[in-house]
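Commentary on secondary and tertiary structure
The primary structure of each chain is shown beneath.
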Amino acid sequence: MNSTSISALPLNSHLSYTADGLALDGVALAPLAQQHQTPLFVYSKSAMQDALTAYQAGFEGRQVSICYAMKANSSLAVLQVFAQAGCGFDIVSGGELERALAVGAAPNRIIFSGVGKTRAEMRRALQVGIGCFNVESVAELNVLNEVALAMGTQAPISLRVNPNVDAKTHPYISTGLKGNKFGIAHEEVLQTYQRAAQLPGLRVVGIDCHIGSQITEVEPYLDAMDRILDLVLAIETAGIALAHIDFGGGLGIDYQGDTPPRANELWQSLFARLDARGFGQRHFMIEPGRSLVGNAGVCLTEVLYLKDGEHKNFCIVDAAMNDLPRPAMYEAYHRIVEVQPRARGAAMYDVVGPVCESGDWLGRDRSLTVQSGDYLAVLSAGAYCMSMSSNYNTRSRAAELMIAEGQTHLIRQREPLSDLWQREHLLPSATSAA
Ligand SMILES: *Cc1c(COP(=O)(O)O)cnc(C)c1O
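Here the structure is a predicted model, which is why all the values come from computation and not from measurement.

1. So, the site of the ligand
- With respect to spatial proximity, 14 residues lie near the ligand, and among them Lys71, Ser213, Glu287, Arg290 and Tyr384 are the closest.
- Within the side chain of Asp90, a nitrogen or oxygen atom sits 3.3 Å from a nitrogen atom of the ligand.
- Separating a nitrogen atom of the ligand from a side-chain N or O atom of Glu287 is a distance of 2.6 Å.
- Here the ligand has 390 Å² of accessible area as a free molecule, and 95% of this is covered by the chains.

Here it is, written out as structure tokens:
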């Protein structure tokens, strides 16, 4: 067995090397890849439940609603795990609303975020009775008011506040700074609440913020919290009651030795601040995504070719940027390990996919002991991988498995190629000019 691979594994109690190679919850992965082909996502239900339990452990004696941010991984069986565990959902589109409803989510536990909600999406969300719209601009506030009035109803709203704090994460996943498109500027929040309170189609129920993703420190949360609590005081002094305070999501995971606080530790610090300021017994909401699913999944891929370049060696695999877009999009790091480690022959490779783009890489300068036909596992592939996947290069999206109570379940069939052009139409055949 190859000791570098083992030491490279994240602190993940669900992944281990056994005599049969890499295993998830004790289930060997190589036979799964053989049976279901690659690329193949494999998730652990118990890893998702453990991640959820870490949050819940920090919430004992408190009133906190957890709304899973389903854009991280919106596969139905994943949603089902969280719905059955009592979570609500944070959605960002009408499509996500229908997915949540498809697994039987309680509509009143769904909150709707995002800067570009359409009138049709608002109408559908009002029709099914979602719990809250997280409104991100005055223009949206006015449109939502109109839509609700036309339906003879009131829309429950919270304003998403941009607290202008630096989440110290990648600029593409930082959302709480002044230059971001998200939320309502701190200075304009009070007057916007006063406007919202006057609109007859709206009912103010809360306040919310979400400062970014893959946050690995406590300080940005504390900074944002202080700023939100200042606003809560000002808004309530103005006579507008806020039934809940939503602190968003964003807690990071260990991709490459990152050391984010554990969910319960983070919340211990946050509740210390909330208690000190007299807010400890309020109703809170949170919207975690990545931290609930990111390290619960791997993507298995087969080594197609090893190619020696002049400056670099390439390990060409059958997974690509359409399956795992994070490296191409954010230069994100995913650990990549051998499923069945070989004893010798380690070399440095760039692990790349077959897509015709130089950006199609999964990992750079990785020491691997591989031959063509071997399987590799891309780790931390539970969040923002399948849900971001595409059909670029007319590649069908991967299959997904979930290991639950020792059994392996196919939760998404590999997309048949013919599905990819099933709703396309040819032009009518050219008619003769004669
Ligand atoms: C993406 C998103 C989340 C979840 O972020 P994670 O980093 O995955 O926890 C929560 N709230 C909103 C509004 C989001 O856009």
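Further notes follow.
2. Some details on the nonpolar core
- Grouped together as the largest cluster of nonpolar side chains are 101 residues, with contacts concentrated most on Tyr68, Phe82, Phe133, Ile157, Ile207 and Trp267.
- Take this core: its biggest share by element is nine residues, from helix H9 (residues 219–237).
- When residues of this core are assigned to domains, at least three map to each of domain 1 (6–44 + 294–421) and domain 2 (113–288).
- Of all hydrophobic cores here, the second largest spans 21 residues; its members include Leu15, Leu24, Leu40 and Val337.

3. A closer look at the domain arrangement of the chain
- As far as domains go, the chain holds domain 1 (6–44 + 294–421) and domain 2 (113–288).
- The distance between the C-alpha centroids of domain 1 and domain 2 comes to 35 Å.

4. Some thoughts on the sheet that holds strand S3 (residues 27–28)
- Taken in spatial order, the three strands line up as S1-S2-S3 in an open sheet, and their pairing is antiparallel. The open sheet has two free edges, formed respectively by strand S1 (15–18) and S3, since each of these has just one partner strand.
- Pairing of strand S2 (residues 21–24) with S3 involves two bridges; the strand directions are antiparallel. In the sheet register, Leu24 faces S3, and the bridge partner there is Val27.

5. Some thoughts on the side chain of Arg366
- As for its position among the elements, Arg366 is in strand S18 (residues 361–368).
- Polar contacts involving the side chain of Arg366 include one to the main-chain carbonyl oxygen of His334, which spans 2.8 Å.

6. Brief notes about the pattern of salt bridges
- On inspection of all chains with the given rule, the structure shows 17 salt bridges.
- In this structure, Arg273 engages Asp226 in a salt bridge whose closest nitrogen and oxygen atoms are separated by 2.3 Å. In this pair, Arg273 is assigned in helix H10 (residues 263–276) and Asp226 in helix H9, connecting sequence segments 47 residues apart.
- Look at Asp226 and you get partly exposed, because its relative accessible area is 22%.
- A salt bridge links Asp374 to Arg342; the nearest nitrogen and oxygen atoms lie 2.7 Å apart. Within this pair, whereas Asp374 is found in the loop between S18 and strand S19 (375–378), its partner Arg342 is found in the loop between strand S16 (336–338) and strand S17 (347–352), the two being separated by 32 residues in sequence.
- Taking relative accessible area as the criterion, Arg342 reaches 29% and is therefore assigned partly exposed.
- Within this structure, Asp226, Asp230, Arg273 and Arg277 form a network of salt bridges that share partners.

7. Some points on the confidence of the model for the chain
- Averaged over all residues, the pLDDT of the chain is 94; the fraction at 70 or higher stands at 95%.
- Across residues 1–8, confidence stays below pLDDT 50; counting only partners more than four residues off in sequence or on other chains, it has 13 contacts.

8. Some details on the side chain of Glu338
- Note on placement: Glu338 falls in strand S16.
- As a buried residue without a salt bridge, Glu338 has its nearest oppositely charged side chain in Arg342, at a separation of 8.4 Å.
- From its side chain, Glu338 meets the backbone nitrogen of Thr369 in a polar contact 2.8 Å long.

9. Some thoughts on the pairing of strand S9 (residues 155–162)
- For S9, the tally of buried residues reaches eight of eight residues, placing the bulk of the element in the interior.
- In S9, alternate side chains face the same way, and those of Ala155, Ile157, Leu159 and Val161 on one face and Pro156, Ser158, Arg160 and Asn162 on the other are all buried.
- As paired elements, strand S8 (residues 132–135) and S9 share three bridges and run parallel to each other. Bridging across to S9, Asn134 finds its partner in Ser158.
- One crossover worth recording links S8 to the parallel S9 by way of helix H7 (residues 138–150), and it is right-handed.
- Direction of pairing for S9 relative to strand S11 (residues 202–208): parallel, over a ladder of six bridges. If you follow Leu159 over to S11, its bridge partner there is Ile207.
- Two elements, S9 and strand S10 (residues 184–185), share two bridges in a ladder whose sense is parallel.

10. Structural notes on helix H6 (residues 119–128)
- Where H6 is concerned, the buried positions are Glu121, Met122, Ala125 and Leu126. Buried residues along H6 cover an arc of 130° about the axis, so they all sit on one side.
- Among the structural elements, helix H5 (94–102), strand S7 (110–112), S8, H7 and S9 are those in contact with the buried residues of H6.

11. Re the environment of Glu98
- Within the secondary structure, Glu98 is located in helix H5.
- Separated by 27 residues in sequence, Glu98 and Ala125 have C-alpha atoms that sit 9.5 Å apart.

12. Looking at H7
- With 13 residues, H7 extends 19 Å between its outermost C-alpha atoms, agreeing within 8% with the 18 Å of an ideal straight helix rising 1.5 Å per residue.
- Listed in full, the buried residues belonging to H7 are Glu140, Leu141, Leu144, Asn145, Val147 and Ala148.
- Check the buried side of H7 and you find it contacts H6, S8, S9, helix H8 (189–198) and S11.
- Of the residues trailing H7, Gly152 is marked for its positive phi of about 70°.

13. Let's talk about the environment of Ile157
- By secondary structure assignment, the location of Ile157 is in strand S9.
- Judged by its relative accessible area of 0%, Ile157 is buried.
- Along the chain, Ile157 and Ser291 lie 134 residues apart, while their C-alpha atoms are 26 Å from each other.
- In this structure, Ile157 is in contact with Cys132, Phe133, Val135, Leu141, Leu144, Ala196, Leu202, Arg203, Val204, Val205 and Gly206, ignoring residues within four places of it in sequence.

Cut-off values and rules
- Residues numbered from 1 in each chain as written.
- Predicted model: local features only at pLDDT ≥ 70, side-chain atom pairs only at ≥ 80, totals over all residues.
- Heavy atoms only, no water.
- Near = heavy atom within 4 Å.
- Polar contact = N/O pair within 3.5 Å; in protein donor to acceptor, adjacent residues only side chain to side chain.
- Areas by Shrake-Rupley, 256 points an atom, 1.4 Å probe, with all protein chains shown as cover.
- Core = buried A, V, L, I, M, F, W, Y, C linked by side-chain atoms within 4.5 Å.
- Buried < 20%, exposed > 50% of the residue type's maximum accessible area, 1.4 Å probe, protein only.
- Helix = DSSP H or I, 4+ residues; strand = E, 2+ residues; numbered from the N terminus.
- Domains from an automatic or database assignment.
- Pairing = 2+ DSSP bridges.
- Salt bridge = Lys/Arg side-chain N within 4 Å of Asp/Glu carboxyl O.
- pLDDT = per-residue confidence, 0-100.
- Contact = heavy atoms within 4.5 Å.
- Lys, Arg positive; Asp, Glu negative; His and termini not counted.
- Right-handed = clockwise from strand over helix to strand, strands pointing away.
- Arc of directions from axis to C-beta.
- Expected span 1.5 Å × (residues − 1).

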